[in-house]
Amino acid sequence: TILVLDFGSQYSHLITRRCRELNVYAELMPCTQKIKDLKWKPNGIILSGSPYSVYDADAPHVDPDVFELGVPVLGICYGLQEMAWILGGQVAKCDHREYGFAQVQIATFGGGSADALFAGLGAEMEVWMSHGDQLSVPPTDFRVIGKTKSAPYAAIAHNSKPFYGIQFHPEVTHSPRGKEVIGKFVLNICKCRADWTMEEFIGKEITRIREICGPKGRVIGAVSGGVDSTVAAKLMHEAIGDRFHAIMVDNGVLRLNEAKQVDEMLNRDLGVNLTVVDASELFLSRLAGVEDPEQKRKIIGNTFINVFEAEATKIEATAEEEEKKGAEAKGRVEWLLQGTLYPDVIESISFKGPSATIKTHHNVGGLLKDMKLKLIEPLRELFKDEVRALGRLLSIPAPLVQRHPFPGPGLAIRILGPVTRAQVEILQKADNIYIEEIRAAGLYNKISQAFAVLLPVKAVGVMGDKRTYEQVIALRAVQSEDFMTADWFVFPAEVLKKVSSRITNEVAGINRVTYDISSKPPATVEWL
Ligand code: XMP
(Lines give C-alpha, C1' and ligand atoms only; values in the text may rest on other atoms or scores of the structure.)
Protein backbone atom coordinates (compact mmCIF):
# COMPACT_ATOMS: atom_id res chain seq x y z
CA THR A 1 0.00 0.00 0.00
CA ILE A 2 1.11 3.52 -0.82
CA LEU A 3 0.23 6.43 1.41
CA VAL A 4 -0.34 9.65 -0.54
CA LEU A 5 -0.16 12.71 1.68
CA ASP A 6 -2.20 15.58 0.29
CA PHE A 7 -1.01 19.17 0.58
CA GLY A 8 -4.02 20.50 -1.31
CA SER A 9 -2.93 20.17 -4.94
CA GLN A 10 -5.67 19.79 -7.51
CA TYR A 11 -3.78 16.72 -8.79
CA SER A 12 -3.43 14.80 -5.50
CA HIS A 13 -6.18 12.29 -6.24
CA LEU A 14 -4.53 11.52 -9.59
CA ILE A 15 -1.46 10.18 -7.77
CA THR A 16 -3.74 7.70 -5.99
CA ARG A 17 -5.37 6.80 -9.29
CA ARG A 18 -2.11 6.14 -11.09
CA CYS A 19 -0.95 3.79 -8.31
CA ARG A 20 -4.19 1.86 -8.54
CA GLU A 21 -3.89 1.67 -12.32
CA LEU A 22 -0.62 -0.11 -11.58
CA ASN A 23 -2.64 -2.51 -9.40
CA VAL A 24 -1.11 -1.09 -6.25
CA TYR A 25 -3.55 0.05 -3.59
CA ALA A 26 -3.02 3.67 -2.60
CA GLU A 27 -4.80 5.78 -0.05
CA LEU A 28 -4.94 9.56 0.23
CA MET A 29 -4.68 11.28 3.60
CA PRO A 30 -4.26 14.91 4.58
CA CYS A 31 -0.64 16.03 5.01
CA THR A 32 -1.36 16.68 8.67
CA GLN A 33 -1.67 12.92 9.30
CA LYS A 34 0.54 11.90 12.24
CA ILE A 35 2.65 8.89 11.38
CA LYS A 36 2.31 7.38 14.86
CA ASP A 37 -1.49 7.39 14.45
CA LEU A 38 -1.42 5.33 11.25
CA LYS A 39 -3.23 2.04 11.67
CA TRP A 40 -1.18 0.38 8.92
CA LYS A 41 2.38 0.65 7.68
CA PRO A 42 2.65 1.79 4.07
CA ASN A 43 5.30 0.38 1.74
CA GLY A 44 6.03 3.89 0.56
CA ILE A 45 4.88 7.49 0.89
CA ILE A 46 4.23 10.09 -1.81
CA LEU A 47 4.04 13.78 -0.90
CA SER A 48 1.74 15.71 -3.24
CA GLY A 49 1.96 19.19 -4.72
CA SER A 50 0.34 22.23 -3.14
CA PRO A 51 -0.78 25.76 -3.94
CA TYR A 52 1.39 26.96 -1.01
CA SER A 53 5.03 27.99 -0.81
CA VAL A 54 6.97 26.20 1.96
CA TYR A 55 7.95 29.54 3.51
CA ASP A 56 4.36 30.83 3.75
CA ALA A 57 3.46 31.45 7.38
CA ASP A 58 0.44 29.16 7.06
CA ALA A 59 2.10 26.59 4.77
CA PRO A 60 1.16 22.99 5.52
CA HIS A 61 3.97 20.76 6.79
CA VAL A 62 4.30 17.05 7.03
CA ASP A 63 5.05 15.06 10.17
CA PRO A 64 8.89 14.72 10.07
CA ASP A 65 8.43 11.09 11.17
CA VAL A 66 7.65 10.39 7.50
CA PHE A 67 11.43 10.29 7.05
CA GLU A 68 11.95 8.03 10.07
CA LEU A 69 9.52 5.29 9.11
CA GLY A 70 12.14 3.46 7.08
CA VAL A 71 10.09 3.38 3.86
CA PRO A 72 10.77 5.10 0.51
CA VAL A 73 9.44 8.65 0.12
CA LEU A 74 8.76 10.47 -3.15
CA GLY A 75 8.11 14.22 -3.07
CA ILE A 76 6.29 15.71 -6.05
CA CYS A 77 6.60 19.48 -6.69
CA TYR A 78 5.72 21.02 -3.30
CA GLY A 79 6.44 17.55 -1.91
CA LEU A 80 10.03 17.91 -3.15
CA GLN A 81 10.29 21.39 -1.63
CA GLU A 82 8.83 20.15 1.63
CA MET A 83 11.40 17.35 1.67
CA ALA A 84 14.15 19.93 1.17
CA TRP A 85 12.63 22.23 3.81
CA ILE A 86 12.73 19.43 6.39
CA LEU A 87 16.03 17.79 5.37
CA GLY A 88 18.12 20.94 5.12
CA GLY A 89 17.88 22.20 1.55
CA GLN A 90 16.68 25.56 0.28
CA VAL A 91 13.78 26.69 -1.83
CA ALA A 92 13.53 29.93 -3.79
CA LYS A 93 10.89 31.75 -5.81
CA CYS A 94 11.28 31.39 -9.59
CA ASP A 95 11.54 34.65 -11.55
CA HIS A 96 8.34 33.63 -13.24
CA ARG A 97 5.93 30.80 -12.59
CA GLU A 98 6.79 27.77 -14.70
CA TYR A 99 3.70 26.23 -16.23
CA GLY A 100 3.61 23.78 -19.11
CA PHE A 101 5.83 21.28 -20.87
CA ALA A 102 9.55 20.88 -20.13
CA GLN A 103 12.27 18.42 -21.11
CA VAL A 104 14.01 16.68 -18.23
CA GLN A 105 17.61 15.60 -18.90
CA ILE A 106 18.02 12.38 -16.99
CA ALA A 107 21.39 11.97 -15.27
CA THR A 108 23.26 8.73 -15.86
CA PHE A 109 25.71 7.22 -13.42
CA GLY A 110 28.71 4.93 -13.65
CA GLY A 111 28.06 2.55 -16.50
CA GLY A 112 25.48 4.87 -18.01
CA SER A 113 22.49 3.66 -16.00
CA ALA A 114 19.99 6.19 -14.77
CA ASP A 115 18.82 6.28 -11.19
CA ALA A 116 16.25 3.64 -10.13
CA LEU A 117 13.46 6.20 -10.42
CA PHE A 118 14.15 6.68 -14.12
CA ALA A 119 15.76 3.33 -14.99
CA GLY A 120 15.13 2.43 -18.61
CA LEU A 121 13.28 5.65 -19.40
CA GLY A 122 16.00 7.06 -21.67
CA ALA A 123 18.08 10.21 -21.46
CA GLU A 124 15.28 12.72 -21.84
CA MET A 125 11.65 12.89 -20.94
CA GLU A 126 8.84 15.30 -21.64
CA VAL A 127 7.09 16.35 -18.44
CA TRP A 128 4.49 18.79 -17.14
CA MET A 129 5.55 21.57 -14.78
CA SER A 130 3.37 23.80 -12.65
CA HIS A 131 5.21 25.65 -9.90
CA GLY A 132 6.21 29.06 -8.57
CA ASP A 133 9.02 27.92 -6.24
CA GLN A 134 11.86 25.57 -6.90
CA LEU A 135 14.80 23.99 -5.15
CA SER A 136 17.83 26.31 -4.97
CA VAL A 137 20.05 24.15 -2.74
CA PRO A 138 19.49 20.40 -2.47
CA PRO A 139 19.46 18.97 1.04
CA THR A 140 22.61 17.31 2.40
CA ASP A 141 23.49 13.92 0.96
CA PHE A 142 21.20 14.32 -2.05
CA ARG A 143 22.39 14.06 -5.65
CA VAL A 144 20.82 15.50 -8.79
CA ILE A 145 19.20 12.89 -11.02
CA GLY A 146 17.42 15.17 -13.47
CA LYS A 147 17.43 18.78 -14.62
CA THR A 148 15.59 21.04 -17.06
CA LYS A 149 16.66 24.32 -18.71
CA SER A 150 15.18 26.35 -15.91
CA ALA A 151 15.32 23.89 -13.01
CA PRO A 152 18.84 22.65 -12.17
CA TYR A 153 17.38 20.38 -9.47
CA ALA A 154 14.31 19.03 -11.25
CA ALA A 155 14.89 15.59 -9.73
CA ILE A 156 16.98 14.57 -6.74
CA ALA A 157 17.73 11.39 -4.82
CA HIS A 158 19.30 10.69 -1.44
CA ASN A 159 22.71 9.03 -1.56
CA SER A 160 21.91 6.21 0.83
CA LYS A 161 18.20 6.34 1.71
CA PRO A 162 15.28 5.74 -0.68
CA PHE A 163 14.18 9.41 -0.73
CA TYR A 164 13.34 11.02 -4.08
CA GLY A 165 12.05 14.40 -5.14
CA ILE A 166 10.78 15.58 -8.51
CA GLN A 167 9.73 19.06 -9.53
CA PHE A 168 7.41 17.92 -12.34
CA HIS A 169 4.01 16.24 -12.10
CA PRO A 170 4.19 12.57 -13.15
CA GLU A 171 0.52 12.05 -12.19
CA VAL A 172 -0.97 14.18 -14.98
CA THR A 173 -1.50 12.77 -18.46
CA HIS A 174 0.50 15.72 -19.88
CA SER A 175 3.58 13.88 -18.58
CA PRO A 176 3.44 11.02 -21.11
CA ARG A 177 5.82 8.75 -19.20
CA GLY A 178 4.73 9.94 -15.78
CA LYS A 179 2.90 6.77 -14.92
CA GLU A 180 6.07 4.79 -15.65
CA VAL A 181 7.98 7.01 -13.20
CA ILE A 182 5.32 6.34 -10.56
CA GLY A 183 5.62 2.65 -11.47
CA LYS A 184 9.40 2.71 -10.90
CA PHE A 185 8.76 4.19 -7.47
CA VAL A 186 5.91 2.00 -6.24
CA LEU A 187 6.91 -1.29 -7.88
CA ASN A 188 10.73 -1.22 -8.01
CA ILE A 189 11.69 1.07 -5.16
CA CYS A 190 8.84 0.44 -2.67
CA LYS A 191 8.54 -3.17 -3.86
CA CYS A 192 4.74 -3.08 -3.70
CA ARG A 193 3.10 -6.15 -5.17
CA ALA A 194 0.78 -5.40 -8.09
CA ASP A 195 -2.05 -7.41 -6.59
CA TRP A 196 -4.82 -4.87 -6.15
CA THR A 197 -7.38 -6.11 -8.66
CA MET A 198 -11.15 -5.92 -8.78
CA GLU A 199 -11.50 -9.68 -8.27
CA GLU A 200 -9.42 -9.31 -5.13
CA PHE A 201 -11.49 -6.30 -4.07
CA ILE A 202 -14.79 -8.18 -4.37
CA GLY A 203 -13.58 -11.04 -2.20
CA LYS A 204 -12.14 -8.75 0.46
CA GLU A 205 -15.13 -6.42 0.46
CA ILE A 206 -17.64 -9.25 0.85
CA THR A 207 -15.65 -10.57 3.80
CA ARG A 208 -15.47 -7.06 5.26
CA ILE A 209 -19.24 -6.51 4.90
CA ARG A 210 -19.93 -9.85 6.60
CA GLU A 211 -17.60 -8.96 9.46
CA ILE A 212 -19.12 -5.50 9.91
CA CYS A 213 -22.73 -6.69 9.76
CA GLY A 214 -22.25 -9.81 11.86
CA PRO A 215 -24.48 -12.89 11.65
CA LYS A 216 -27.71 -10.94 12.26
CA GLY A 217 -29.08 -7.54 11.38
CA ARG A 218 -30.61 -6.07 8.24
CA VAL A 219 -29.34 -3.42 5.89
CA ILE A 220 -31.58 -1.12 3.88
CA GLY A 221 -30.58 1.00 0.92
CA ALA A 222 -32.10 3.04 -1.87
CA VAL A 223 -31.53 2.08 -5.49
CA SER A 224 -32.09 4.43 -8.39
CA GLY A 225 -31.33 2.46 -11.52
CA GLY A 226 -27.90 4.08 -11.73
CA VAL A 227 -24.57 2.26 -11.70
CA ASP A 228 -23.45 3.08 -8.17
CA SER A 229 -26.56 2.05 -6.29
CA THR A 230 -26.98 -1.08 -8.43
CA VAL A 231 -23.39 -2.20 -7.88
CA ALA A 232 -23.59 -1.45 -4.15
CA ALA A 233 -26.86 -3.38 -3.89
CA LYS A 234 -25.51 -6.40 -5.73
CA LEU A 235 -22.41 -6.45 -3.55
CA MET A 236 -24.55 -6.34 -0.39
CA HIS A 237 -26.69 -9.14 -1.76
CA GLU A 238 -23.60 -11.26 -2.43
CA ALA A 239 -22.43 -10.62 1.13
CA ILE A 240 -25.59 -11.01 3.21
CA GLY A 241 -28.34 -12.21 0.84
CA ASP A 242 -31.90 -11.33 1.89
CA ARG A 243 -30.81 -9.45 4.97
CA PHE A 244 -30.24 -6.63 2.52
CA HIS A 245 -33.42 -4.81 1.47
CA ALA A 246 -33.23 -2.53 -1.54
CA ILE A 247 -35.88 0.15 -1.95
CA MET A 248 -36.66 1.87 -5.22
CA VAL A 249 -38.88 4.92 -5.00
CA ASP A 250 -40.86 5.65 -8.16
CA ASN A 251 -41.14 9.42 -7.91
CA GLY A 252 -43.16 9.83 -11.10
CA VAL A 253 -40.31 11.66 -12.85
CA LEU A 254 -38.19 8.68 -13.87
CA ARG A 255 -37.33 7.74 -17.45
CA LEU A 256 -39.71 5.62 -19.53
CA ASN A 257 -40.40 2.21 -17.88
CA GLU A 258 -37.51 2.77 -15.50
CA ALA A 259 -39.08 1.40 -12.31
CA LYS A 260 -40.17 -1.73 -14.16
CA GLN A 261 -36.73 -2.24 -15.70
CA VAL A 262 -34.94 -1.82 -12.38
CA ASP A 263 -37.35 -4.26 -10.78
CA GLU A 264 -36.74 -6.85 -13.47
CA MET A 265 -33.00 -6.46 -13.41
CA LEU A 266 -32.39 -6.32 -9.66
CA ASN A 267 -35.13 -8.62 -8.45
CA ARG A 268 -35.42 -11.13 -11.24
CA ASP A 269 -31.96 -11.20 -12.84
CA LEU A 270 -29.69 -10.34 -9.94
CA GLY A 271 -31.78 -11.83 -7.13
CA VAL A 272 -31.66 -8.72 -4.94
CA ASN A 273 -34.45 -8.36 -2.37
CA LEU A 274 -36.09 -5.23 -3.82
CA THR A 275 -39.28 -3.33 -3.09
CA VAL A 276 -40.49 -0.80 -5.66
CA VAL A 277 -42.69 1.83 -4.05
CA ASP A 278 -44.92 3.65 -6.49
CA ALA A 279 -45.15 7.08 -4.89
CA SER A 280 -45.68 8.93 -8.16
CA GLU A 281 -49.06 10.34 -7.12
CA LEU A 282 -47.62 11.81 -3.94
CA PHE A 283 -44.62 13.37 -5.73
CA LEU A 284 -46.67 14.77 -8.61
CA SER A 285 -49.29 16.21 -6.28
CA ARG A 286 -46.60 17.98 -4.25
CA LEU A 287 -44.97 19.25 -7.46
CA ALA A 288 -48.24 20.59 -8.88
CA GLY A 289 -47.92 24.17 -10.07
CA VAL A 290 -44.26 24.50 -8.99
CA GLU A 291 -41.97 26.15 -11.55
CA ASP A 292 -38.91 27.15 -9.54
CA PRO A 293 -36.13 24.56 -10.03
CA GLU A 294 -34.74 24.78 -6.50
CA GLN A 295 -38.24 24.36 -5.14
CA LYS A 296 -38.70 21.27 -7.32
CA ARG A 297 -35.42 19.83 -6.02
CA LYS A 298 -36.41 20.48 -2.42
CA ILE A 299 -39.86 18.90 -2.79
CA ILE A 300 -38.42 15.81 -4.45
CA GLY A 301 -35.61 15.47 -1.88
CA ASN A 302 -37.97 15.79 1.09
CA THR A 303 -40.67 13.56 -0.34
CA PHE A 304 -38.04 10.94 -1.10
CA ILE A 305 -37.01 10.92 2.54
CA ASN A 306 -40.65 10.60 3.70
CA VAL A 307 -41.33 7.66 1.37
CA PHE A 308 -38.05 5.90 2.06
CA GLU A 309 -38.53 6.32 5.79
CA ALA A 310 -42.05 4.90 5.67
CA GLU A 311 -40.78 1.87 3.77
CA ALA A 312 -37.89 1.38 6.18
CA THR A 313 -40.35 1.50 9.06
CA LYS A 314 -42.40 -1.25 7.39
CA ILE A 315 -39.33 -3.43 7.04
CA GLU A 316 -38.45 -2.78 10.67
CA ALA A 317 -42.03 -3.70 11.72
CA THR A 318 -41.76 -6.99 9.82
CA ALA A 319 -38.43 -7.67 11.53
CA GLU A 320 -40.04 -7.03 14.92
CA GLU A 321 -42.93 -9.38 14.09
CA GLU A 322 -40.56 -12.14 13.06
CA GLU A 323 -38.57 -11.67 16.20
CA LYS A 324 -41.74 -12.03 18.33
CA LYS A 325 -42.74 -15.18 16.51
CA GLY A 326 -39.29 -16.55 17.17
CA ALA A 327 -39.03 -17.16 13.44
CA GLU A 328 -35.62 -17.60 11.92
CA ALA A 329 -34.30 -14.25 12.96
CA LYS A 330 -32.63 -12.03 10.41
CA GLY A 331 -32.45 -9.37 13.07
CA ARG A 332 -33.51 -5.72 13.12
CA VAL A 333 -32.64 -2.99 10.65
CA GLU A 334 -29.24 -1.72 11.75
CA TRP A 335 -27.54 -0.33 8.69
CA LEU A 336 -28.12 2.11 5.87
CA LEU A 337 -26.29 1.41 2.63
CA GLN A 338 -24.75 4.43 0.90
CA GLY A 339 -23.18 4.38 -2.55
CA THR A 340 -20.48 6.90 -1.56
CA LEU A 341 -17.56 6.87 -4.02
CA TYR A 342 -13.92 7.74 -3.43
CA PRO A 343 -14.15 11.25 -4.92
CA ASP A 344 -16.71 12.11 -2.18
CA VAL A 345 -14.38 10.66 0.42
CA ILE A 346 -11.43 12.59 -1.01
CA GLU A 347 -13.56 15.71 -0.94
CA SER A 348 -14.09 15.14 2.77
CA ILE A 349 -10.48 14.27 3.69
CA SER A 350 -8.43 16.48 1.37
CA PHE A 351 -6.21 19.09 2.89
CA LYS A 352 -7.94 22.45 2.45
CA GLY A 353 -5.68 24.72 4.44
CA PRO A 354 -4.77 24.94 8.09
CA SER A 355 -8.17 26.19 9.24
CA ALA A 356 -10.21 23.75 7.21
CA THR A 357 -12.45 21.51 9.21
CA ILE A 358 -13.01 18.05 7.85
CA LYS A 359 -16.57 17.77 6.66
CA THR A 360 -18.60 14.63 6.80
CA HIS A 361 -19.78 13.55 3.40
CA HIS A 362 -23.37 14.06 2.48
CA ASN A 363 -25.82 11.28 3.23
CA VAL A 364 -29.54 11.11 2.61
CA GLY A 365 -30.13 14.34 4.56
CA GLY A 366 -30.58 13.50 8.23
CA LEU A 367 -32.44 10.39 7.25
CA LEU A 368 -33.89 7.89 9.66
CA LYS A 369 -32.71 9.64 12.79
CA ASP A 370 -35.01 7.64 15.05
CA MET A 371 -33.78 4.34 13.73
CA LYS A 372 -30.20 5.35 14.52
CA LEU A 373 -28.82 3.51 11.53
CA LYS A 374 -25.12 3.05 11.01
CA LEU A 375 -23.74 3.78 7.55
CA ILE A 376 -22.20 1.12 5.38
CA GLU A 377 -20.32 2.29 2.28
CA PRO A 378 -18.87 -0.59 0.24
CA LEU A 379 -17.78 1.63 -2.69
CA ARG A 380 -16.00 4.26 -0.62
CA GLU A 381 -12.56 3.24 -1.91
CA LEU A 382 -13.49 3.25 -5.59
CA PHE A 383 -13.41 5.69 -8.48
CA LYS A 384 -16.32 5.69 -10.93
CA ASP A 385 -14.56 3.62 -13.59
CA GLU A 386 -13.57 1.10 -10.90
CA VAL A 387 -17.24 0.84 -9.93
CA ARG A 388 -18.02 0.10 -13.58
CA ALA A 389 -15.34 -2.62 -13.69
CA LEU A 390 -16.77 -4.04 -10.47
CA GLY A 391 -20.27 -3.99 -11.99
CA ARG A 392 -19.09 -5.99 -14.99
CA LEU A 393 -17.52 -8.60 -12.71
CA LEU A 394 -20.75 -8.81 -10.71
CA SER A 395 -22.62 -9.65 -13.95
CA ILE A 396 -24.50 -6.39 -14.07
CA PRO A 397 -25.66 -5.90 -17.68
CA ALA A 398 -23.27 -3.83 -19.80
CA PRO A 399 -25.80 -1.15 -20.87
CA LEU A 400 -26.44 -0.34 -17.22
CA VAL A 401 -22.77 -0.29 -16.32
CA GLN A 402 -22.13 2.35 -19.00
CA ARG A 403 -25.29 4.32 -18.32
CA HIS A 404 -25.16 8.13 -18.39
CA PRO A 405 -25.75 9.85 -15.04
CA PHE A 406 -29.31 10.82 -14.21
CA PRO A 407 -30.11 13.54 -11.66
CA GLY A 408 -31.98 12.72 -8.45
CA PRO A 409 -34.80 15.21 -9.27
CA GLY A 410 -35.21 13.38 -12.58
CA LEU A 411 -37.39 14.72 -15.36
CA ALA A 412 -38.74 17.41 -13.03
CA ILE A 413 -35.67 19.52 -13.83
CA ARG A 414 -36.01 18.74 -17.55
CA ILE A 415 -39.60 19.93 -17.77
CA LEU A 416 -39.42 23.70 -17.81
CA GLY A 417 -42.53 25.06 -16.16
CA PRO A 418 -44.92 23.04 -14.03
CA VAL A 419 -44.66 19.24 -13.92
CA THR A 420 -47.77 17.23 -14.75
CA ARG A 421 -48.21 13.57 -15.58
CA ALA A 422 -49.05 14.51 -19.17
CA GLN A 423 -45.85 16.55 -19.52
CA VAL A 424 -43.82 13.72 -17.98
CA GLU A 425 -45.25 11.28 -20.51
CA ILE A 426 -44.38 13.52 -23.45
CA LEU A 427 -40.83 13.95 -22.24
CA GLN A 428 -40.38 10.25 -21.43
CA LYS A 429 -41.35 9.29 -24.99
CA ALA A 430 -39.15 11.90 -26.64
CA ASP A 431 -36.19 11.08 -24.40
CA ASN A 432 -36.56 7.38 -25.08
CA ILE A 433 -36.54 7.90 -28.86
CA TYR A 434 -33.47 10.13 -28.58
CA ILE A 435 -31.52 7.58 -26.53
CA GLU A 436 -32.65 4.70 -28.76
CA GLU A 437 -31.31 6.48 -31.83
CA ILE A 438 -28.05 7.42 -30.11
CA ARG A 439 -27.55 3.76 -29.22
CA ALA A 440 -28.50 2.64 -32.74
CA ALA A 441 -25.89 5.01 -34.17
CA GLY A 442 -23.26 3.50 -31.81
CA LEU A 443 -22.66 6.87 -30.17
CA TYR A 444 -23.91 6.27 -26.62
CA ASN A 445 -20.49 5.55 -25.11
CA LYS A 446 -18.90 8.53 -26.87
CA ILE A 447 -21.30 10.89 -25.09
CA SER A 448 -21.08 11.64 -21.38
CA GLN A 449 -24.72 12.56 -20.94
CA ALA A 450 -27.64 12.92 -23.35
CA PHE A 451 -31.28 13.74 -22.67
CA ALA A 452 -34.31 15.58 -23.94
CA VAL A 453 -35.80 18.71 -22.36
CA LEU A 454 -39.42 19.84 -22.65
CA LEU A 455 -39.79 23.57 -23.22
CA PRO A 456 -42.85 25.39 -21.93
CA VAL A 457 -43.45 27.30 -25.15
CA LYS A 458 -45.74 26.59 -28.05
CA ALA A 459 -44.83 27.01 -31.68
CA VAL A 460 -46.75 26.83 -34.90
CA GLY A 461 -46.41 23.88 -37.25
CA VAL A 462 -48.28 22.18 -40.02
CA MET A 463 -49.43 18.57 -40.20
CA GLY A 464 -51.46 17.33 -43.19
CA ASP A 465 -53.55 20.37 -44.06
CA LYS A 466 -53.83 21.47 -40.48
CA ARG A 467 -52.07 24.14 -38.56
CA THR A 468 -50.67 22.83 -35.24
CA TYR A 469 -49.73 24.79 -32.15
CA GLU A 470 -47.61 22.56 -29.96
CA GLN A 471 -44.63 22.30 -27.64
CA VAL A 472 -40.90 22.13 -28.37
CA ILE A 473 -38.32 19.50 -27.39
CA ALA A 474 -34.68 20.53 -26.93
CA LEU A 475 -32.05 17.82 -27.26
CA ARG A 476 -28.89 17.99 -25.20
CA ALA A 477 -25.72 15.86 -25.48
CA VAL A 478 -22.40 16.70 -23.85
CA GLN A 479 -18.92 15.35 -23.51
CA SER A 480 -17.25 15.98 -20.19
CA GLU A 481 -14.50 14.65 -17.92
CA ASP A 482 -16.04 15.62 -14.62
CA PHE A 483 -19.16 17.66 -15.47
CA MET A 484 -17.52 20.82 -14.11
CA THR A 485 -17.02 21.84 -17.73
CA ALA A 486 -18.67 20.31 -20.78
CA ASP A 487 -18.73 20.63 -24.56
CA TRP A 488 -21.77 20.00 -26.70
CA PHE A 489 -21.49 16.86 -28.79
CA VAL A 490 -21.18 17.14 -32.58
CA PHE A 491 -23.68 14.68 -34.07
CA PRO A 492 -23.66 13.43 -37.63
CA ALA A 493 -26.59 15.29 -39.24
CA GLU A 494 -28.43 12.07 -40.13
CA VAL A 495 -28.73 11.11 -36.48
CA LEU A 496 -30.36 14.41 -35.54
CA LYS A 497 -32.57 14.19 -38.60
CA LYS A 498 -33.83 10.76 -37.63
CA VAL A 499 -34.39 11.74 -33.99
CA SER A 500 -36.28 14.86 -34.99
CA SER A 501 -38.44 13.06 -37.49
CA ARG A 502 -39.29 10.27 -35.05
CA ILE A 503 -40.11 12.63 -32.18
CA THR A 504 -42.38 14.88 -34.25
CA ASN A 505 -44.13 11.84 -35.76
CA GLU A 506 -44.40 9.62 -32.72
CA VAL A 507 -44.85 12.00 -29.80
CA ALA A 508 -48.23 13.71 -29.72
CA GLY A 509 -47.97 17.31 -28.57
CA ILE A 510 -44.53 18.05 -30.12
CA ASN A 511 -44.12 19.73 -33.50
CA ARG A 512 -40.59 21.09 -33.23
CA VAL A 513 -37.17 19.78 -32.11
CA THR A 514 -34.07 21.88 -31.47
CA TYR A 515 -30.49 20.93 -30.59
CA ASP A 516 -28.74 22.73 -27.73
CA ILE A 517 -25.27 23.96 -28.78
CA SER A 518 -24.22 25.61 -25.53
CA SER A 519 -21.13 24.59 -23.62
CA LYS A 520 -20.64 24.68 -19.85
CA PRO A 521 -19.76 27.34 -18.87
CA PRO A 522 -21.64 29.61 -19.46
CA ALA A 523 -24.59 27.18 -19.68
CA THR A 524 -24.97 24.21 -17.35
CA VAL A 525 -25.57 20.63 -18.43
CA GLU A 526 -29.18 20.58 -17.21
CA TRP A 527 -31.54 23.38 -18.22
CA LEU A 528 -32.69 23.89 -14.62
P1 XMP B 1 -25.16 20.93 -14.23
O2 XMP B 1 -26.55 21.15 -14.74
O3 XMP B 1 -24.95 21.43 -12.84
O4 XMP B 1 -24.99 19.34 -14.17
O5 XMP B 1 -24.10 21.40 -15.16
C6 XMP B 1 -23.80 18.66 -13.87
C7 XMP B 1 -24.15 17.22 -13.57
O8 XMP B 1 -24.91 17.16 -12.37
C9 XMP B 1 -26.18 16.56 -12.59
N10 XMP B 1 -27.18 17.27 -11.78
C11 XMP B 1 -27.78 16.76 -10.70
N12 XMP B 1 -27.67 15.54 -10.11
N13 XMP B 1 -29.25 16.21 -8.48
C14 XMP B 1 -28.44 15.27 -9.01
O15 XMP B 1 -28.38 14.15 -8.48
C16 XMP B 1 -29.42 17.45 -9.01
O17 XMP B 1 -30.18 18.26 -8.50
C18 XMP B 1 -28.63 17.73 -10.18
N19 XMP B 1 -28.53 18.83 -10.97
C20 XMP B 1 -27.62 18.53 -11.94
C21 XMP B 1 -26.42 16.71 -14.08
O22 XMP B 1 -27.32 15.71 -14.56
C23 XMP B 1 -25.02 16.56 -14.63
O24 XMP B 1 -24.64 15.20 -14.72
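Refer to the structure printed above.
Fair warning: this is a prediction, and the values are worked out from it, not measured in the lab. (Residues numbered from 1 in each chain as written. Predicted model: local features only at pLDDT ≥ 70, side-chain atom pairs only at ≥ 80, totals over all residues. Heavy atoms only, no water.)

1. Remarks on the overall build of the chain
Consideration 1: Along the chain, the regular secondary structure elements total 13 helices and 20 strands.
Consideration 2: When its C-alpha atoms are laid out on the principal axes, the chain stretches across 85 × 70 × 40 Å.
Consideration 3: The buried share of the chain, reckoned over its 528 residues, is 53%.
Consideration 4: Roughly 24,000 Å² of accessible area belongs to the chain as shown, and the carbon and sulfur atoms make up 52% of that amount.
Consideration 5: Averaged over its 61 positive side-chain charges, the chain has a centre that lies 2 Å from the centre of its 66 negative ones. (Helix = DSSP H or I, 4+ residues; strand = E, 2+ residues; numbered from the N terminus. Buried < 20%, exposed > 50% of the residue type's maximum accessible area, 1.4 Å probe, protein only. Areas by Shrake-Rupley, 256 points an atom, 1.4 Å probe, with all protein chains shown as cover. Lys, Arg positive; Asp, Glu negative; His and termini not counted. Charge placed at Lys NZ, Arg CZ, Asp CG, Glu CD.)

2. Structural notes on the packing of aromatic side chains
Consideration 1: For the structure on display, the rule yields 14 aromatic pairs.
Consideration 2: Residue placement shows Arg20 over the ring face of Tyr342; its charged tip is 4.6 Å from the ring centre.
Consideration 3: Taking the ring centre of Tyr444 as reference, the NZ or CZ of Arg439 above it sits at 3.8 Å. (Phe/Tyr/Trp six-rings, centres within 6.5 Å; stacked < 30°, edge-to-face > 60°. Lys NZ or Arg CZ within 6 Å of the ring centre and 35° of its normal.)

3. Some thoughts on the environment of Glu200
Consideration 1: Among the secondary structure elements, Glu200 is positioned in helix H4 (residues 198-213).
Consideration 2: Residue classification places Glu200 among the partly exposed positions, given a relative accessible area of 35%.
Consideration 3: Measuring from C-alpha to C-alpha, the distance between Glu200 and Lys34 comes to 29 Å, with 166 residues separating the pair along the chain.

4. A closer look at unusual backbone geometry
Consideration 1: Each neighbour pair has its own omega, and for Lys520 with Pro521 the value is -20 degrees, a cis peptide bond.
Consideration 2: Along the chain, the position of Pro521 falls in the segment after strand E20 (510-515).
Consideration 3: Cis geometry is found at the peptide bond from Pro521 to Pro522, where omega equals 5 degrees.
Consideration 4: Secondary-structure assignment places Pro522 in the segment after E20.
Consideration 5: In this structure, Asp141 is a non-glycine residue whose phi angle is positive, near 70 degrees.
Consideration 6: As for its placement among the helices and strands, Asp141 is situated in the loop between strand E8 (124-137) and strand E9 (142-147).

5. Focus: the nonpolar core
Consideration 1: Judged by nonpolar contacts, the single largest core of 48 residues is most densely connected at Tyr434, Ile438, Ile473, Phe491 and Ile503.
Consideration 2: When residues of this core are assigned to their parent elements, the largest contribution, 8 residues, is made by helix H12 (residues 421-440).
Consideration 3: The contacts of Ile438, once residues within four sequence positions are left out, are Leu443, Tyr444, Ile447, Ala450 and Phe491. (Core = buried A, V, L, I, M, F, W, Y, C linked by side-chain atoms within 4.5 Å. Contact = heavy atoms within 4.5 Å.)

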